[in-house]
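# Architecture at a glance
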Amino acid sequence: MTAKRNLLGLAWPALTDFFSELGQPEYRAKQLMEWIYQHGVSDFNRMSNFPKELRQKLEETAVVGAGEVIARQVASDGTIKLAIAFAEQRIVECVILRYHHGITLCLSSQVGCKMGCAFCASGMHGFVDNLTTAEIIEQIWWANQELAAQKQRVGHLVYMGMGEPLDNYLQVVNSIRFANNSSTFNIGMRNITLSTSGLVPRIRQLAEEDLSLTLSVSLHAPVDYLRDQIMPINKRYPLAELISAVREYVRSTRRRVTFEYILLAGFNDQPIHADKLASLLAGILANVNVIPYNEVPGLPWQAPTDKQVRLFMRALEQRGITATLRRELGPEIDAACGQLRRRLQGEE
Ligand code: SF4
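Anyway, here's the lowdown on the structure attached to this text. (Residues numbered from 1 in each chain as written. Predicted model: local features only at pLDDT ≥ 70, side-chain atom pairs only at ≥ 80, totals over all residues. Heavy atoms only, no water.)

### Observations regarding the overall build of the protein
Let me state the cut-off plainly: Secondary structure elements follow DSSP: runs of H or I no shorter than four residues count as helices, runs of E no shorter than two count as strands, and numbering proceeds from the N terminus. Only C-alpha atoms enter the radius of gyration; for comparison, a globular chain is expected to reach 2.2 Å times N to the power 0.38, where N is the number of residues. The classification of residues rests on relative accessible area computed with a 1.4 Å probe and restricted to protein chains. Under 20% of the type maximum is buried, over 50% is exposed, and intermediate values are partly exposed. Contact definition: two residues touch when any of their heavy atoms are within 4.5 Å. Residues scored as positive are Lys and Arg, those scored as negative are Asp and Glu, and His as well as the terminal groups of each chain are ignored. Charged groups are reduced to one reference atom each: NZ for lysine, CZ for arginine, CG for aspartic acid, CD for glutamic acid.
Scanning the protein from terminus to terminus reveals 12 helices and 14 strands. Taking 20 Å as the expected radius of gyration for a compact globule of 348 residues, we find that the protein reaches 21 Å, a close match to that expectation. Expressed as a percentage of the 348 residues in the protein, the buried residues total 55%. Within the protein, residue pairs in contact and separated by at least 24 positions form 65% of the contacts whose partners lie at least 6 positions apart. Where the 37 positive side-chain charges of the protein centre and where its 36 negative ones centre are 5 Å apart.

### Topic: the packing of aromatic side chains
Which entries qualify depends on this criterion: The aromatic pairing rule takes the rings of Phe, Tyr and Trp, using the six-membered ring of Trp, and pairs them if the centres are within 6.5 Å, calling planes under 30 degrees apart stacked, those over 60 edge-to-face and the rest tilted.
Here the structure, examined in full by the defined rule, presents 7 aromatic pairs. Arranged with centres 5.2 Å apart and planes meeting at 85°, the rings of Y37 and F185 form a pair that is edge-to-face. Separated by 148 residues along the polypeptide, Y37 in helix α2 (residues 26–38) and F185 in the loop between α5 (169–180) and β10 (192–196) bring together distant segments of the chain. Overall, Y37 belongs to the buried group, its relative accessible area being 2%. When its relative accessible area of 5% is taken as the criterion, F185 is described as buried. Taken together, the ring pairs connect F18, F19 and F50 into an aromatic cluster.

### Some thoughts on the packing of helix α4 (residues 133–147) against α5
Definition in use: Each axis is a line fitted through C-alpha atoms, taken for helices only over the stretch in contact, and angles between the N-to-C directions span 0 to 180 degrees. The cut-offs work like this: below 35 degrees is roughly parallel, past 145 is roughly antiparallel, 65 to 115 is roughly perpendicular, and the gaps in between are oblique. Handedness of a helix crossing follows the sense of rotation of the near helix relative to the far helix, less than a right angle counterclockwise being left-handed and clockwise being right-handed. Note on residue categories: nonpolar means Ala, Val, Leu, Ile, Met, Phe, Trp, Tyr, Cys or Pro, charged means Asp, Glu, Lys or Arg, and polar means any other residue, Gly included.
Closest axis-to-axis distance for the α4/α5 pair is 8 Å, and the angle between their directions is 45°. Taken together, α4 and α5 sit at an angle that is classed as oblique. Relative to α5, α4 is oriented so that their crossing is right-handed. Here T133, I136, I137 and I140 of α4 come into contact with α5, specifically with Q171, V172, N174, S175, F178 and A179. Broken down by class, the residue content of the contact of α4 with α5 amounts to 6 nonpolar, 4 polar and no charged.

### Points about unusual backbone geometry
With a phi angle near 55°, K151 is a residue other than glycine that sits in the positive phi range. Inspection of the secondary structure puts K151 in the loop between α4 and β9 (156–159). Judged by relative accessible area, K151 falls into the exposed class, the value being 79%. The backbone phi angle of H220 is positive, close to 65°, even though this residue is not glycine. Following the sequence through the fold, H220 ends up in the loop between β11 (214–218) and α7 (224–230). According to the relative accessible area criterion, H220 is buried, its value standing at 3%.

### A look at the nonpolar core
Definition in use: Only buried Ala, Val, Leu, Ile, Met, Phe, Trp, Tyr and Cys residues count toward a nonpolar core, and they belong to the same one when joined by side-chain atoms within 4.5 Å.
Formed by 110 residues in total, the largest nonpolar core has its most connected members in L7, F119, I140, L157, L206, F259 and L281. Leaving out residues up to four positions away in the same chain, L7 has contacts with L15, F18, L32, I36, Y37, F44, L58, A62 and V63.

### As for the pattern of salt bridges
So the rule is basically this: A carboxyl oxygen of Asp or Glu within 4 Å of a side-chain nitrogen of Lys or Arg is what we treat as a salt bridge.
By the definition in use, this model includes 9 salt bridges. Salt-bridge contacts for D275 lead to R319; the nearest nitrogen and oxygen are separated by 2.5 Å. Residue D275 is located in helix α10 (residues 271–280), and its partner R319 is located in the loop between α11 (306–318) and β14 (323–325); the two are separated by 44 residues in the primary sequence. Residue classification places D275 among the partly exposed residues on the basis of a relative accessible area of 30%. The network of salt bridges with common partners includes R90, D129 and E135.

### Observations concerning α11
Selection criterion: One less than the residue count of a helix, multiplied by 1.5 Å, gives the span that helix is expected to have.
Given a rise of 1.5 Å per residue, 13 residues ought to cover 18 Å, and the 18 Å separating the end C-alpha atoms of α11 matches this to within 8%. Phi for G320, located one or two positions after α11, is positive at around 75°.

### Regarding helix α3 (residues 52–61)
The condition is simple: Here the arc refers to the set of directions running from the helix axis out to each C-beta atom.
Along α3, the positions that sit buried rather than exposed are L54, R55 and L58. Each buried residue of α3 sits inside an arc of 100° when the element is viewed along its axis, so together they form one side. Seen from the open side of α3, the exposed residues pointing more than 90 degrees away from its buried face are K52, E53 and E60.

### Section: the packing of helix α6 (residues 200–207) against helix α9 (residues 239–253)
Contact geometry of α6 with α9 gives a least axis separation of 9 Å together with a crossing angle of 5°. With respect to α9, the axis of α6 lies roughly parallel. Of α9, the residues touching α6 (which contributes V200, I203, R204, L206 and A207) are E241, L242, S244, A245, E248, Y249, S252 and T253. Per-class residue counts for the contact of α6 with α9 are 7 nonpolar, 3 polar and 3 charged.

### Description of the side chain of E260
To be explicit about the condition: Nitrogen and oxygen atoms within 3.5 Å of one another constitute a polar contact, given that in protein one can donate a hydrogen and the other can accept it, and given that sequence-neighbouring residues count only through two side-chain atoms.
Structurally, E260 is set in strand β12 (residues 257–263). E260 sits in the buried class, given a relative accessible area of 3%. At a separation of 3.3 Å, a polar atom in the side chain of E260 contacts the side chain of N289. Excluding residues that lie within four positions of it along the chain, E260 makes contacts with M160, S216, V217, S218, L219, H220, N289, I291 and R326.

### Describing the environment of A85
With respect to the secondary-structure elements, A85 resides in strand β4 (residues 80–86). Residues A85 and A66 lie 19 residues apart in sequence; the distance between their C-alpha atoms is 8.7 Å. Those residues in contact with A85 that lie beyond four places of it in its chain are A66, G67, E68, I70, R90 and I91.

So this is what it looks like as structure tokens:
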């Protein structure tokens, strides 16, 4: 028996080919996309403008979606974390976040991660696999299913979940273009943020894609000897190279970049570090997101005190750096990326 074709996340040419193999006109592909992406329907029998024979044929040959939600956690502030299992027990997480500007989905781009950042749950057990474009897209679909009862939809995407998005470059860029398409989720480019740990050649490549998304760089330390200790990628692409690629990115895209800076108590949270950070970023069109660390079981890092956070923010402000304090939403759920997956797989 041949496997059923998954139509969720399938690009337009492949979808029209599929319908033409069934002897159907192109407009059926358009109708199917409306059912899937606008109405969130996966059951072919509910696709009422399809003739009965076509619905039957689709039942026999196709499916909408390849994964299933195997766990969900809901926090009191409305944050929802979903664990989705794809074939061969490949489990990924995505998180629905409610901000005043709308609903944001934090997506995973890989199962596990190669980057090995010392403060992160996702990297603790290494890399398993890249996600396909369809698997990235399916996370948005499941999030919309979750929100449908409240008549809400995902309006913003942040590629900040499990994995290094630029290490799965093609699939991630394809998924961004797909999600942005007005026939699918119609998520505006300016509502999409891609976060990287600093893959310099890929940052340069991304600058040439002509996407008006927001690039977010996980910096987390202002000098090489500290960044080397928590982000192995820094040994390959040290800060001077990274910052030069970011400057070029800003020059060619004219887009403001964001730098993420996790405050780890006693490691990178002193005013001297704020001072060095200000010098490093001088003259770049940028915003710094300061994130007090959320402790992860099994990792040695500690959250900074409120006083330390205040001093750090003030030091940045005094040096003219635009900075925002970002508290993690949903702190009572397994909020760090990769934590729910690890719990489900009994690694915690
Ligand atoms: S912080 Fe991001 S890049 Fe680093 S190990 Fe975790 S998932 Fe990978």
